[in-house]
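Per-entry structural report
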Amino acid sequence: MPRRPFNLRRWFTETGWRHVVGIVMIAFSLFPIVFVISSSLNPNGTLTGSNALFSKIGFDSYVRILTDPQVPFTTWLGNTLMISGITALLTVFLGALAAYSFSRMRFTGRRFGLIGIVVVQMFPQLLAVVAIFLLMSAIGDLFPAIGLNTHIGLIMVYLGGALGVNTFLMYGFFNTIPVSIDEAAKIDGAGHARIFFTIVLRLVAPILAVVALLSFIASVNEFVVASVLLIDTDKQTLAVGLTKLVSNPRYADWSAFSAGAVIAALPVVALFLFLQKYIVGGLTAGAVK
């Protein structure tokens, strides 16, 4: 068959417009990242001077934020990674237990529990900040180790806010696993615990990776609750600590703030790249059934 001559109008109508939309979306997504990187390389420490992208390049901001004794950046970064990592692991474990129970077991209040999980997620966590502060203050009077100004207390608050939506997300994925696998294991004498830990967890690895990634990112970016519960500077997270660099109206070190934001994004990007093969499969399978 002879090849038809190339027709620009026909190509654009059929597939070309998709390329244009894709290029526009990529540029729209990358521009903030490029702007932040340009600002972090600006040695003047101001944000207005970085409007001309990469007009001045220097690593003074990175050196300043890593060596300034008044800015414990490494402590903030360590606190953030520890809190986010523990929150992600516990969210995956507890959410998987709850999702398995809702998916495989039949008990009184099961349907009400599922509906309650969805309804609770309608209300943003910001509405509960005052209640959370009063609750953690009261708990701290009895058990200081898990009250205000403690990492354990903040992790508990994060777990309470994330378990609902993540449990419902994993519940949809658990329903895609055939029940016949559980029944075959029960015939061989396996109980619920053995089925869950040795069989089901391996089959639902994609959704576990997705939930871990989403929980980790949410904990790294969270600011409101962390700023309310964490008081001491050496216990604060990176989102709260970096805000101090730009909170002074007379001098806001936006260059150091951008440098800290770039460094803070590296662990998230590394985790995303490590778990990327699970992300698409985990999200789509959990949303089908």
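Shown above is the structure to which this text applies.
These remarks concern the structure in this document. Because the structure is predicted, anything quoted here is derived from the model rather than measured.

Angle between the axes and distance between the axes: these two values describe a pair of packed helices. Relative orientation of the contacting elements helix α6 (residues 151–174) and helix α9 (residues 205–221) amounts to 155°, with a least axis distance of 10 Å. Taken together, the axis directions place α6 and α9 in an arrangement best described as roughly antiparallel. The way α6 lies across α9 gives a crossing that is right-handed. Residues Y158, N166, L169, M170 and F173 of α6 pack against P206, I207, L208, V211, L214 and S219 of α9. Here the residues of the contact of α6 with α9 are counted per class, giving nine nonpolar, two polar and no charged.

Another point: the nonpolar core. Grouped together as the largest cluster of nonpolar side chains are 23 residues, with contacts concentrated most on M170, F174, V204, I207 and L208. In this structure, L41, Y62, L242 and I263 belong to the second largest nonpolar core, which totals 15 residues.

Turning our attention to the layout of surface pockets. Estimated volume of the largest pocket: approximately 300 Å³. Residue lining of the largest pocket: V120, Q121, F123, P124, Q125, A128, I132, M156, V157, G160, G161 and G164, and that is the complete set. The dominant element in the lining of the largest pocket, judged by the number of residues it contributes, is α6, at five residues. Here the lining of the largest pocket is built from residues that sort into seven nonpolar, five polar and no charged. Its volume calculated, the second largest pocket comes out at about 260 Å³.

A separate point is the side chain of S258. Locating S258 in the fold gives a position in helix α12 (residues 254–286). Take S258: its relative accessible area is 5%, and that puts it in the buried class. Setting aside its immediate chain neighbours within four residues, S258 contacts V36, S39 and S40.

Counted under the stated rule, the structure contains nine aromatic pairs. Their ring planes at 50° and their centres at 6.2 Å tell us that F59 and Y62 sit as a pair that is tilted. Ring plane angle 35° and centroid distance 6.2 Å describe the contact between F168 and Y171, whose orientation is recorded as tilted. With F168 and Y171 both in helix α6 and three residues apart, the pair spans about one turn of that helix. The class of F168 is partly exposed, set by a relative accessible area of 39%. Note on Y171: relative accessible area 15%, which makes it buried. Joined through ring pairs, the aromatic side chains of F93, Y100, F174, F196 and F197 make up one cluster.

Parameters and conventions
- Residues numbered from 1 in each chain as written.
- Predicted model: local features only at pLDDT ≥ 70, side-chain atom pairs only at ≥ 80, totals over all residues.
- Heavy atoms only, no water.
- Axes fitted to C-alpha atoms, helices over the stretch in contact; angles between N-to-C directions.
- Helix = DSSP H or I, 4+ residues; strand = E, 2+ residues; numbered from the N terminus.
- Parallel < 35°, antiparallel > 145°, perpendicular 65-115°, else oblique.
- Left-handed = near helix turned anticlockwise from the far one by under 90°.
- Contact = heavy atoms within 4.5 Å.
- Nonpolar A, V, L, I, M, F, W, Y, C, P; charged D, E, K, R; others polar.
- Core = buried A, V, L, I, M, F, W, Y, C linked by side-chain atoms within 4.5 Å.
- Buried < 20%, exposed > 50% of the residue type's maximum accessible area, 1.4 Å probe, protein only.
- 1 Å grid on protein atoms, 1.4 Å probe; cavity = no way out; pocket = protein on both sides within 12 Å on 5 of 7 lines; lining within 4 Å.
- Points joined across faces, edges and corners; volume = space filled by probe spheres on them.
- Phe/Tyr/Trp six-rings, centres within 6.5 Å; stacked < 30°, edge-to-face > 60°.

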